Structures are given as C-alpha cells and as structure tokens.
Amino acid sequence: MARWYRFTVKLPYNFEQKDTAMLAASTARLEARISPDLRQTLKRAAEIQGRTLTDFVVTAVQEAAQRAIEQAEVIRLSLADQQRFADALLSPPEPAPALKRAMARHDKLLRE
C-alpha cells in the first residue's frame with residue numbers, strides 16, 4: 001500500500017517583492033500530496049544542491065511559473081519571419097478592396 005505525504009510550502013505572495021520584511025509578512029501556504037518516491041527524489045535533489053526541501057521546491061515552482069508566463073506572452077520568430085514582419089511594417093501592402101469598403105462604411109457610420 002502506497003503512503004502519500006502531505007508536502008507544505010510557504011510561497012512569497014509576490015516573488016518580485018524586494019523588501020524582506022514584506023516577504024516575511026506576506027506568505028501563502030501551498031499544499032500538495034506527493035508519492036513517497038517523488039518526495040525522496042525531491043529531497044535528494046535538494047540535498048545535492050545544498051538546499052532545504054522547501055527552498056528547492058519553491059525555487060523550482062517559481063522558475064516553472066516564469067517559464068510558463070514567458071512562453072504565453074513572448075512571441076518568438078525565426079530570422080526569416082522577423083524580416084518579413086519588419087518589411088510589412090516598413091512597406092505595408094495595399095489594402096484589399098473588401099478592407100477599403102469596410103473602412104469607407106466605418107467612416108460613413110461615424111459621420112452620421
């Protein structure tokens with residue numbers, strides 16, 4: 001029968017906060033149930049890096065969160081795509097007839 005451990009970590013409310021007094025005052029609890037094998041793996045990794053288990057997990061979670069946010073917010077383009085984008089900004093193509101009609105209709109609606 002597998003035993004599950006309750007793993008509790010205190011995370012700073014705001015990772016970007018520089019004031020350590022504020023960090024100590026503003027923490028939140030995060031709990032996760034993990035298997036004994038995962039707990040041993042995390043504990044071993046923390047020991048290898050000379051950190052506490054809590055510090056190791058908090059740092060890993062913070063790095064993963066920052067990567068996920070960056071992946072969602074940053075658009076990465078190849079060099080060829082960057083060049084096409086710059087060319088389109090510097091020399092935009094002529095608007096299609098449908099777009100010209102839509103712009104004219106929009107202008108007409110705004111004047112009425």
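What counts, and where the lines are drawn
- The residue count restarts for each chain, going from 1 along the sequence in the order it is written.
- Side-chain atom pairs in this predicted model are given and counted only at pLDDT of 80 or more, local residue features only at pLDDT of at least 70, and totals for whole chains, interfaces and linings cover all residues.
- To get the side-chain values, take all heavy atoms of the structure and skip hydrogens and water.
- For helices the rule is a DSSP run of H or I covering at least 4 residues; for strands it is a run of E covering at least 2, with both sets numbered from the N terminus onward.
- A simple rule labels every residue: compare its accessible area, found with a 1.4 Å probe on the protein chains alone, to the largest value its type can have, and call it buried under 20%, exposed over 50%, or partly exposed in between.
- Pairs of residues are marked as contacts when any of their non-hydrogen atoms sit within 4.5 Å.
- Here, Shrake-Rupley sampling with a 1.4 Å probe gives the accessible areas, and only protein chains in the shown set may cover a residue.
- Each residue gets a pLDDT score, which is the predictor's confidence in that residue and runs from 0 to 100.
- Within 3.5 Å is the distance limit for a polar contact, defined as a pair of N or O atoms, with the added protein rule that one can donate a hydrogen and the other accept it, and that residues adjacent in sequence qualify only through two side-chain atoms.
- The axes are straight lines fitted to the C-alpha atoms, using for helices just the contacting stretch, and the angles between their N-to-C directions are given from 0 to 180°.
- Oblique is the label for any angle not under 35 degrees, not over 145, and not in the 65 to 115 range, which are roughly parallel, roughly antiparallel and roughly perpendicular in turn.
- Residues enter a nonpolar core if they are buried and are Ala, Val, Leu, Ile, Met, Phe, Trp, Tyr or Cys, with the set joined through side-chain atoms within 4.5 Å.
- Put simply, a salt bridge is a Lys or Arg side-chain nitrogen that is within 4 Å of an Asp or Glu carboxyl oxygen.

A.B. asks: Got a minute to help me understand the overall build of the chain in this structure?
C.D. replies: A tally of helices and strands in the chain yields five helices and two strands. Reading the secondary structure of the chain in the N-to-C direction produces β-α-β-α-α-α-α. Counting across all 112 residues of the chain, residues that qualify as buried make up 10%. At a minimum sequence separation of 6, the contacts of the chain that also span at least 24 residues come to 46%. Here the chain has roughly 9,700 Å² of accessible surface; of this, 57% comes from carbon and sulfur atoms.

A.B. asks: Is there a simple way to think about the confidence of the model for the chain in this case?
C.D. replies: Where the model shows low pLDDT, its predicted coordinates should not be examined in detail. Taken over all residues, the pLDDT of the chain has a mean of 84, while the share at 70 or more is 78%. Within the chain, the element-level pLDDT minimum falls on strand β1 (residues 5-12), averaging 56, and the maximum on helix α2 (residues 36-48), averaging 96.

A.B. asks: What exactly am I supposed to notice about the environment of S78 here?
C.D. replies: Tracing the backbone through its elements, the reader meets S78 in the loop between α3 (53-73) and α4 (79-90). A relative accessible area of 37% places S78 in the partly exposed class. Among the polar contacts listed, one links the side chain of S78 to the backbone nitrogen of D81, at a separation of 3.1 Å.

A.B. asks: When you look at the packing of α2 against α3 in this model, what are you seeing that I'm missing?
C.D. replies: In helix packing, the relevant descriptors are the interaxial angle and the interaxial distance, both defined with respect to the helix axes. Between α2 and α3, whose axes approach to 9 Å, the crossing angle comes to 95 degrees. When the axis of α2 is compared with that of α3, the two are roughly perpendicular. Only L53, F56 and V57 of α3 make contact with α2, whose side of the interface consists of L42, K43, A45 and A46.

A.B. asks: Help me understand the nonpolar core, please; the structure alone is not making it clear to me.
C.D. replies: Generally speaking, nonpolar side chains in soluble globular proteins are found buried as a group. Membership of the largest hydrophobic core is limited to six residues, which are I34, L42, A46, L53, F56 and V57. For this core, the secondary-structure elements that each account for two or more residues are α2 and α3. For this core, the leading source of residues is α3, giving three residues.

A.B. asks: Got a minute to help me understand the pattern of salt bridges in this structure?
C.D. replies: A pair can form between side chains of opposite charge whenever their charged atoms are brought close. One pass over the full model with this rule turns up four salt bridges. Two residues, K100 and E94, come together in a salt bridge whose shortest N-O distance is 3.4 Å. By relative accessible area, K100 is classed as partly exposed at 41%.

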